[in-house]
Amino acid sequence: MMNAASKSGSTSNNSASEQDSQLTAEEEQKEREHFQKVVDAFRYYRIHSLRRVAVAEKHFNDLPSRQQSLVPSFADTLLKLQQAVDQNYIVVKQIIRSAEKIFENRSFQLDSSTVNEVPEKIPTEFDMDKVKTTLKQLVRDWSEGGAAEREACYAPVIREILNLYPNECRSPSIRILVPGAGLGRLAHEIARLGFTCQGNEWSFYMLCAAHFVINRCDRVGQYTLYPWVHQYNNNKTRANQLQSCTFPDKNPSNMPPGSNFSMAAGDFMEVYTEPDSWNCIASVFFVDTAHNVIDYIETMYKILQPGGYWINLEVQGFRTFQYLPVFQALCCGTTLICPMSYQ
């Protein structure tokens, strides 16, 4: 069972000043508003996606009849696109309905019963891109179609964990943190091995989908999704755009007895401040999300126990060019000279 703990949902101690309490209330309200914004973007998915299909239909209908006859199957393709969007919305509605129970320390009373209505504030294109990206992420993390990518990205990290902690060392007393956990598959797999594992994710879009898959899916291939239906360019054939997948490829609720798995919402550096609290940190495509990669490294050093391990898999690229030399050094296995060291 997965529940996400909300960082701003932690209660203030009795000695906190009234100003601090007010600040916490303001932060809580901002979090609530942001969460509602995310849910509204999911709610708007069908309308937004069908409007894009309607644009393609209008362009087709504006063609002379002679030119329409050159592509006689296009009208049928438009119908299939609409049906694919409707199928995706079945999944999206399930994500919305599970969202209210996502936090174990916070109850967000969302208006999830009106999922078919247009939100009061129309989501932006950026918001809708986040929804579509989340649906594609379901393929990588929880479908057979993503098995090859998981083998390339997650398997090396898991193998290193097993190398560091052989069978006799595997127990819930070994605490492993997965920052940038996305939809939670890597953290879930680590917890299945007998370790205590917590995934950390900043994006509410990812957290909502992860909560749905891990807590609401109870059989293999339970749902069908068309993850590429929004991709109108770079398709070799129309069949590529209409390709479907089923998920999950593994029953997430089928965990070994005594498994300890959780997710925590919030910014990595704000959520994890307790020194010497983790035996191992396992990260995949996480470091390149940092505004300052050295901040991440210092945080990891602080929260790892003495003799702990950081296992990282990353691409050799970095979006914050101010720290590019440091990141390139990490990617190439170069020792980073800091007042700290990692095994």
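Up top is the structure these notes are about.
Please read all numbers here as calculations on a predicted model, not as lab measurements.

Q: Could you give an account of the packing of aromatic side chains, naming the residues involved and the relevant values?
A: Inspection of every chain in the model, using the stated rule, returns 13 aromatic pairs. Centre to centre, the rings of phenylalanine 268 and phenylalanine 286 are 5.4 Å apart; their planes meet at 85°, and the pair counts as edge-to-face. Taken together, the residues span a long stretch of sequence, with phenylalanine 268 in helix α11 (residues 268–271) and phenylalanine 286 in the loop between β7 (278–284) and α12 (293–303) at a distance of 18 residues. Judged by relative accessible area, phenylalanine 268 falls into the buried class, the value being 3%. Plain terms: the ring middles of phenylalanine 286 and tyrosine 296 are 4.6 Å apart, the flat faces sit at 5° to each other, and that makes the pair stacked. With phenylalanine 286 in the loop between β7 and α12 and tyrosine 296 in helix α12, this residue pair connects regions lying ten residues apart in the sequence. Since its relative accessible area comes to 6%, phenylalanine 286 is described here as buried. Take tyrosine 296: its relative accessible area is 9%, and that puts it in the buried class.

Q: A description of the environment of leucine 225 should follow, citing residues and the corresponding values.
A: Positionally, leucine 225 belongs in strand β4 (residues 223–225). The class for leucine 225 is buried, based on a relative accessible area of 0%. C-alpha separation for the pair leucine 225 and alanine 84, spaced 141 residues apart in sequence, amounts to 7.8 Å. Contacts of leucine 225, omitting those with residues within four sequence positions, involve Asn88, Val91, Leu135, Leu138, Gln243, Ser244, Cys245 and Phe247.

Q: Could you give me a rundown of helix α8 (residues 185–192), with the residues and numbers involved?
A: Within α8, seven of the eight residues are buried, which leaves it mostly tucked inside the rest of the structure. For α8, every residue scored as buried is listed here: Arg185, Leu186, Ala187, His188, Glu189, Ile190 and Ala191. After α8 finishes, the residue glycine 194 shows a positive phi value of roughly 110°.

Q: Give me the pattern of salt bridges: which residues, what numbers.
A: All told, the structure shown has 14 salt bridges when counted by the stated rule. Note that aspartate 249 and arginine 185 form a salt bridge whose closest N and O atoms lie 2.8 Å from each other. Separated by 64 residues along the polypeptide, aspartate 249 in the loop between β5 (245–247) and β6 (260–265) and arginine 185 in helix α8 bring together distant segments of the chain. Taking relative accessible area as the criterion, arginine 185 reaches 4% and is therefore assigned buried. Lysine 250 is the partner of glutamate 189 in a salt bridge, and the nearest nitrogen-oxygen pair spans 3.0 Å. Taken together, the residues span a long stretch of sequence, with glutamate 189 in helix α8 and lysine 250 in the loop between β5 and β6 at a distance of 61 residues. Judged by relative accessible area, glutamate 189 falls into the buried class, the value being 15%.

Q: An account of unusual backbone geometry is needed here, citing residue identities and associated values.
A: Proline 248 follows phenylalanine 247 through a cis peptide bond whose omega is -5°. Even without being a glycine, aspartate 276 presents a positive backbone phi close to 55°. Within the secondary structure, aspartate 276 is located in the loop between α11 and β7. Although it is not a glycine, phenylalanine 285 adopts a positive phi angle of roughly 50°. Position of phenylalanine 285 relative to the elements: it lies in the loop between β7 and α12.

Q: Could you give me a rundown of the pairing of strand β8 (residues 304–313), with the residues and numbers involved?
A: Relative to β8, β7 is paired through six bridges, and the arrangement is parallel. Bridge pairing in β8 links tryptophan 278 to leucine 304. Crossover β7 to β8 through α12 is right-handed.

Q: Which residues make up the nonpolar core, and what values go with them?
A: The biggest cluster of nonpolar side chains holds 72 residues, and the ones touching the most others in it are Phe42, Tyr45, Ile161, Ile176, Ile190 and Phe247. The dominant element in this core, judged by the number of residues it contributes, is helix α4 (residues 74–99), at eleven residues. Each residue touching isoleucine 161, except ones within four places of it in the same chain, is listed here: Ile176, Ile190, Phe195, Ala282 and Ile311. Counting residues in each nonpolar core, the second largest holds 17 residues, with Val271, Ile303, Leu304 and Trp310 among its members.

Rules behind the numbers
- Residues numbered from 1 in each chain as written.
- Predicted model: local features only at pLDDT ≥ 70, side-chain atom pairs only at ≥ 80, totals over all residues.
- Heavy atoms only, no water.
- Phe/Tyr/Trp six-rings, centres within 6.5 Å; stacked < 30°, edge-to-face > 60°.
- Helix = DSSP H or I, 4+ residues; strand = E, 2+ residues; numbered from the N terminus.
- Buried < 20%, exposed > 50% of the residue type's maximum accessible area, 1.4 Å probe, protein only.
- Contact = heavy atoms within 4.5 Å.
- Salt bridge = Lys/Arg side-chain N within 4 Å of Asp/Glu carboxyl O.
- Pairing = 2+ DSSP bridges.
- Right-handed = clockwise from strand over helix to strand, strands pointing away.
- Core = buried A, V, L, I, M, F, W, Y, C linked by side-chain atoms within 4.5 Å.

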